[in-house]
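Listed below are the residues making up each chain.
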Amino acid sequence: MTDFLKFLGKPKLRNPAMVVCWDSDAGQLGAKTVAHLKRELGAEEFCDIDPVEFFPLGGVSIENDVVEFPESSFYAIPDRDLVIFYSTIPRYEWFKFLNLIVDVAQEHCRVREMYTIGGMIALGAHTAPRDFWATFSSPQIKKSLAPYELSRELDFETPPGGRPTLNSFLLWTAKQRNLQGANLWVPVPFYLISADDPRSQKRVLSFLNDRLNLGFNFTRIDAEITRLDEWLANLRREQVEIDRSITKLEGNQRLSDTEHEKLVKEVEEYLKKQEG
Amino acid sequence: MALILHREPALTNPDMIVGWPGIGNIGLITVDTIRQAVQAEEMGEIEPWDFFYPSKVIIRGSVLTDMEFPTSKFYYKRLANRDIVFFVGEEQPVSRESMYAEGARAYEMANMVLDVAEKFGCGRIYTSGAAVAITHHTHKPRVWAVANQKKILAELKTYPNMVLMSEVEGRGDQGSITGLNGLLVGTAKKRKCPGVCLMGEIPDYLSRVPFPYPKASQAVIEVLSEALNLNVDPHVLDGMIGQMDTVLESVYQQFPAEIKERLEQRKETPQAKPRATITEEDQKWLKEHIDDFFKKGDKGV
């Protein structure tokens, strides 16, 4: 399996935690979480997974005139004893890919616990507090994370025709190899899933900060929350229909399909314009 | 990745019958129906992790307690004349963009199935799938057959309601079988193991419908039952066929009049005579709309 791993260095780690994020989830939660961790803590890449077995490489995609290419990289922050894995979601050979992540965690870094981050679509308003919950690989790690109030005592089975998430698949793979972990989920309001949701990001980062003693300063992300709130308040003032829809969501009422679509479209366009 | 055999029964003169899902789920229903009818017993499985994405996660009290994967299981049954080994795969391993199994993973699975056939001394492999045909859903489907050795063809011709692929009207002597039902008989050929693929006819205009077509499975079951002397009740699928006939007739009645008119001409044409084809435009329309009939809730079916 090591043929698929390319090591760029050997960071000095003791018994680190690992945070796993993917490049495409609701509200870009994974990408934003990793960006924050790298920026604030100065992470250094030390390993990556060769893409050839796991991604279609028949060409490249372009986003805003920039060529995209699959990325699957491990970063280390030795002074915080932390490893980050950030990746494009693989298209093939998932089990092999997930085992490579666990290989690096166990055999190269002696990771003690692993956290996956996932944004999920919520039907509530952006003004509501962000919920935060987790699924655990074992009752032991559930107990050790009890002070963070992550558990909702969830009972769940994938419905017929559905598929488990890649994070669940990873947690199961890690569990088979006796690596403890938790999948962390933050619901992102549906009309912010293609934009940023700094409130969700702060929810994840606050947990990591408390659990892993990262010493974060949240000034920047707080400013982003304030800015987004102001933009959306302005949009509500400018467009009565949007205000009516968000007010309905705040009152726990459901939107019609037309209202739902219009809210998504108008918010997306408005935020794009604001961001220039 | 591993093959796990829970039992290794001594079998006499066995053949193997193999089924995977595909168009109309014809192959899978065929094999699973026979397996249940003869009350075959489970004997082993292929570990799923390297072949499949999981199908179900089970969480209890926020703890991930289990993960389920599509199964690929072997069964056996001792019968008076010959024993039978069954292989039933809940999914075909898809490794790249194709909706059908292909490439290294599919070949690997085909070889693992054949390893079991060889281990138990199976004399012949039967796979089953769909034959997309210019036919009408009110007709009894025929069973198309191909073999991986020329010497088997003469025997196949003796079975009722069966036609060799090259003898199907307008097909000529070229053809192909997509997915593992084809790949397995090809791989068997490479390993010098006799193999036959039996394909139940499904009308071209129903080949994209996301529902089973048990009428074709019934036709294949009849052939296999006779070929292997299985004594499976020929009416075993009558209930399911009745239900699907109602659903399909309802969909059919919603087709545009001009397409239906062309298809109705097929109804009057006897089996084994060239039938009216639908135009490319009709095919495009069906391709674009067939799913809609199944999404209309109380307006549709």
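Sequence order as written defines residue numbering, which begins from 1 separately in each chain. The naming scheme follows written order: chains are lettered A onward, ligands numbered 1 onward. Where totals are concerned, whole chains, interfaces and linings use all residues; where local detail is concerned, this predicted model gives features only for residues with pLDDT of at least 70, and gives and counts side-chain atom pairs only at 80 or more.

Here we take up the overall build of chain B. Counting its regular elements, chain B contains 8 helices and 11 strands. Residue burial is a threshold on neighbouring C-beta atoms within 10 Å of the residue's own C-beta, all placed from the backbone, with 20 or more meaning buried, 12 or fewer meaning exposed, and counts in between meaning partly exposed. Within chain B, the proportion of its 301 residues that are buried is 41%. Helix numbering and strand numbering both begin at the N terminus, where a helix is a DSSP run of H or I of at least 4 residues and a strand a DSSP run of E of at least 2.

All right, on to the pairing of strand β2 (residues 17–22) of chain A then. Residue and element names in this part refer to chain A. Of all the 6 residues making up β2, 6 are buried; the element is thus mostly covered by neighbouring parts of the structure. Of the two faces of β2, the one holding A17, V19 and C21 and the one holding M18, V20 and W22 are both buried throughout. Paired strands, as defined in this entry, are two strands with at least two bridges between them according to DSSP. The sheet contact formed by β2 and strand β7 (residues 82–87) spans 6 bridges and is parallel. When the sheet's bridge partners are listed, A17 is paired in β7 with L82. Inspection of the sheet shows β2 paired to strand β8 (residues 113–122) by 4 bridges, in the parallel sense. By the bridge assignment for β8, A17 is matched with E113.

Here we come to the domain arrangement of chain A. All names here are of chain A. Taken domain by domain, chain A consists of domain 1 (2–217) and domain 2 (222–274). Residue ranges assigned to the domains are those given by an automatic or database domain assignment. For domain 1 and domain 2, the distance between their C-alpha centroids amounts to 29 Å. Any pair of residues counts as being in contact when their C-beta atoms, constructed from backbone geometry, are within 7 Å of one another. Between domain 1 and domain 2, the residue contacts involve 11 residues of the former and 12 residues of the latter. When residues are grouped by polarity, Ala, Val, Leu, Ile, Met, Phe, Trp, Tyr, Cys and Pro land in nonpolar, Asp, Glu, Lys and Arg in charged, and all others, Gly among them, in polar. Among the residues making up the side of domain 1 that touches domain 2, the classes are represented as 5 nonpolar, 4 polar and 2 charged.

The interface of chain B with chain A comprises 18 residues on the first partner and 27 residues on the second. Mapped by element, the contributors of at least two residues to the side of chain B that touches chain A are β4 (56–60) and β5 (63–68) of chain B. Ranked by the residues each element gives to the side of chain B that touches chain A, the list is headed by β4(B), at 5 residues. Considered class by class, the residues forming the side of chain B that touches chain A number 9 nonpolar, 4 polar and 5 charged. Examined bridge by bridge, strand β10 (residues 156–157) of chain A and β4(B) share 2 bridges and lie antiparallel to one another. Pairing of E157(A) across the sheet is with I58(B), part of β4(B).

Turning our attention to the environment of L5(A). Residue and element names in this part refer to chain A. Residue placement: L5 occurs in strand β1 (residues 5–7). Along the chain, L5 and S73 lie 68 residues apart, while their C-alpha atoms are 9.7 Å from each other. When neighbours within four sequence positions are excluded, L5 is seen to be in contact with C47, I49, L100 and V104.

Residue and element names in this part refer to chain B. Taking strand neighbours across the sheet as the criterion, the 9 strands line up as β1-β3-β6-β7-β2-β8-β11-β9-β10 in an open arrangement whose pairing is mixed. Each having just a single partner strand, β1 (3–5) and β10 (162–164) make up the two edges of the open sheet. With direction set aside, neighbouring strand axes in the sheet form an average angle of 30 degrees. Where strand β9 (residues 143–147) lies against strand β11 (residues 195–203), 5 bridges are found, and the strand directions are antiparallel. Each bridged residue has a counterpart across the sheet, and for A147 the counterpart in β11 is V196. Seen against the sheet, helix α4 (residues 180–190) touches β2 (15–19), β8 (125–133) and β11 and runs at an angle of roughly 140 degrees to β8. Note on geometry: axes are C-alpha line fits, over the in-contact stretch for helices, and angles between N-to-C directions span 0 to 180 degrees.

Packed helices, taken two at a time, are described by their axes: the angle between them and the distance between them. Residues and elements named next belong to chain A. Here helix α7 (residues 240–250) crosses helix α8 (residues 257–274) at 115 degrees, and the two axes come no closer than 10 Å. One element, α7, and the other, α8, form an angle in the roughly perpendicular class. For the element pair α7 and α8, the recorded crossing hand is left-handed. Every residue of α8 that contacts α7 at E241, I242 and S245 is listed here: E259, K262, L263 and E266. In terms of residue class, the contact of α7 with α8 is made up of 2 nonpolar, 1 polar and 4 charged. An angle below 35 degrees is treated as roughly parallel, one above 145 as roughly antiparallel, one from 65 to 115 as roughly perpendicular, and anything else as oblique. Crossing handedness follows the turn of the near helix against the far one: under a right angle anticlockwise gives a left-handed crossing, and clockwise gives a right-handed one.

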